[in-house]
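In case you want the letters, here they are:
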Amino acid sequence: MEGSSSSSSSSYSSPSSAIFYDFLDRMRNPASLDLVRSIKSFIVSFSFYPANPENDGKRVQEFFATMEDSIRDHPLWAGATDQEVESAMEGLEKYVMTKLFSRTFSSSPEDAKIDLEVSQKIQLLQTFLKPEHLDIPLVLRNEASWLLAEKELQKINAFKAPREKLLCIMNCCKVINNLLLNASMSEKHVLAGADDFLPVLIYVTIKANPPQLHSNLKFIQLYRRQAKLVSEAAYYLTNLVSAKTFISELNAKSLSIDEIEFEENMQAARLTNKETQKEATHTLEEMTTSQDHEDPGPSLRSHDKETRGGSNYPYMDKDAGDLTVGDVERLLSVYKEVVTKYTSLCTAFRQLSLSRIENHVTNLEDRNVSSTQSAETGMNSGQRDGEKR
């Protein structure tokens, strides 16, 4: 049955790509023309309505329910098992939501704003938050497991289908759950359920700082078929939603930390972020300035190289046997230069990403205002036409 734990597990362990391509193959069959028309008509119809996440979610869920009945009654699935119909529905969900992704994901200015606020809050917390601040027992502090869970959670933005985004969350949570189970067996730690699980998930989420966390969670809640948000999947999703809410509202009273120390750490983190942003901006300006200079030509480049006694990276053409002990100091200097530039560039790109999110919020707000004005103009025009008649 759908609601059983075993069914949920098997559903998520099956290869997503195989399910999806099987669905596409069936849709290429001439006998599926009526289904294809229904799907395309539904996708096109979305452009007729202004974006509204809650209404869009209801319309998608109703469409999935209707299509499931149609697939069960369709000749292509005559005699099909429940699992085969389920596979078709998974393929349908991925196809539809991939096509509608740009319209349905982070579609409101409020969502983009919350994403930015959560990300910035986590950036501040990353500079000082420790496991003991969340009362995580020593027996559960396993850096290797935490890193694996972080990597799974960070994959969430790489996918467009709700099922695959949810799978990232489930994989992350299963790593944490396995950590708890191992601790209970090897260290004789008495499990405290959510009291053990949630603090570790909160810490992993802060360490990972997954992009657009709020929008990803909302997208799954609205567009993952409701019949699949049960059992294990529902439990893990609910816990991550709770973790996100905890982080958003987090203050000194939420942690095992002195209130003054907490505020000092947060203020220090804000100042550090400002300085980092300034340095990143300065680095980008320097790069832009250097790129704006015209190429002096091969003869002048050659003369400049001779004047400076070689390139800035004189070891690029050398082999290990060509190096001497005296080269170590120069190599270290070059290495530090490269790492410094790389770090500055990474920081600069991170700040640019945040700036893009802020611009996205502004653009969405402008677009909503424009849509409202257009709708009002249309309504007024219609009313005038009616009066003339």
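Refer to the preceding data block for the structure.
Description of the structure in this document. All figures in this text were calculated on a predicted structure; none of them were measured in a lab. Numbers given for residues are sequential positions, taken from 1 along each chain in its written order. Given that the model is predicted, a residue must reach a pLDDT of at least 70 before its local features are reported, and side-chain atom pairs must reach 80 or more before they are shown or counted; all residues, however, enter totals for whole chains, interfaces and linings. Here the side-chain values reflect all heavy atoms present in the structure, with hydrogen atoms and water set aside.

One finds Leu125, Ile169, Ile176, Leu201, Leu240 and Phe262 to be the most contacted residues of the largest nonpolar core, which totals 49 residues. Every element with two or more residues in this core is listed here: helix 7 (109–126), helix 8 (143–154), helix 9 (162–186), helix 10 (194–208), helix 11 (213–223), helix 12 (231–249) and helix 13 (259–292). No other element matches helix 9, which puts eleven residues into this core. Contact criterion: two residues are considered in contact whenever any of their non-hydrogen atoms come within 4.5 Å of each other. For Leu201, the residues in contact, after removing those within four places along its chain, are Cys172, Cys173, Ile176, Asn239, Leu240 and Ala243. Within the second largest apolar cluster, 28 residues are counted, among which are Trp77, Val85, Val96 and Phe219. By nonpolar core is meant a set of buried Ala, Val, Leu, Ile, Met, Phe, Trp, Tyr and Cys residues that side-chain atoms within 4.5 Å join together. Relative accessible area decides the class of each residue, using a 1.4 Å probe on protein chains only: under 20% of the type maximum gives buried, over 50% gives exposed, and in between gives partly exposed. Numbering of helices and strands runs from the N terminus; a helix is a DSSP stretch of H or I covering at least four residues, while a strand is a stretch of E covering at least two.

All right, on to the packing of aromatic side chains then. Aromatic contacts are taken between Phe, Tyr and Trp rings whose centres are within 6.5 Å, Trp giving its six-membered ring; a plane angle under 30 degrees counts as stacked, one over 60 as edge-to-face, and the others as tilted. Scanning the entire structure with this criterion turns up 14 aromatic pairs. Ring centres 5.5 Å apart and planes at 75° place the aromatic pair Phe101 and Phe219 in the edge-to-face group. Residue Phe101 is located in helix 6 (residues 101–104), and its partner Phe219 is located in helix 11; the two are separated by 118 residues in the primary sequence. In this pair, the class of Phe101 matches that of Phe219, namely buried. With 6.0 Å between their ring centres and 40° between their planes, Phe197 and Tyr235 make a pair best called tilted. A residue pair is termed long-range when its members are at least 10 positions apart, and Phe197 in helix 10 and Tyr235 in helix 12 qualify at 38 residues. For Tyr235, a relative accessible area of 39% translates into the label partly exposed. An aromatic cluster is defined as three or more aromatic residues linked by ring pairs; in this entry it consists of Phe42, Phe46, Phe63 and Phe64. Lying over the aromatic face of Phe46, Arg59 brings its terminal NZ or CZ to 4.5 Å of the ring centre. Comment: the charge-over-ring label is applied if NZ (Lys) or CZ (Arg) is within 6 Å of the ring centre and within 35 degrees of the ring normal.

With that settled, the discussion passes to the environment of Ile247. Relative to the assigned elements, Ile247 resides in helix 12. A relative accessible area of 0% places Ile247 in the buried class. Along the backbone, Ile247 and Ser119 are 128 residues apart, and their C-alpha atoms lie at a distance of 9.9 Å. If sequence neighbours within four positions are ignored, Ile247 has contacts with Lys121, Ile122, Leu125, Ile202, Thr205 and Ile206.

Moving on, we get to the packing of helix 11 against helix 12. At a minimum axis distance of 11 Å, the contact between helix 11 and helix 12 shows a crossing angle of 150°. Read as a crossing pair, helix 11 and helix 12 show a hand that is left-handed. Touching Leu213, His214, Leu217, Ile220 and Gln221 of helix 11 are Leu237, Leu240, Val241 and Lys244, all from helix 12. Here the residues of the contact of helix 11 with helix 12 are counted per class, giving six nonpolar, two polar and one charged. Axis lines are fitted to C-alpha atoms, over the contacting stretch for helices. Their N-to-C directions set the angle, which ranges from 0 to 180 degrees. Left-handed describes a crossing in which the near helix is turned anticlockwise from the far one by less than a right angle; the clockwise case is right-handed. Throughout, the ten residues Ala, Val, Leu, Ile, Met, Phe, Trp, Tyr, Cys and Pro are labelled nonpolar, Asp, Glu, Lys and Arg are labelled charged, and all others, Gly among them, are labelled polar.

Below, the discussion takes up the environment of His74. You can see His74 is positioned in the loop between helix 4 (53–73) and helix 5 (82–99). The buried category is assigned to His74, whose relative accessible area is 5%. His74 sits 40 residues away from Asp34 along the chain, and the two C-alpha atoms are 9.7 Å apart. In terms of polar contacts, His74 uses its side chain to reach the side chain of Asp34, at 3.1 Å. For the purposes of these results, a polar contact is taken to be a pair of N or O atoms within 3.5 Å, where, inside protein, one atom must be able to donate a hydrogen and its partner to accept one; residues adjacent in sequence count only when each atom of the pair is a side-chain atom.

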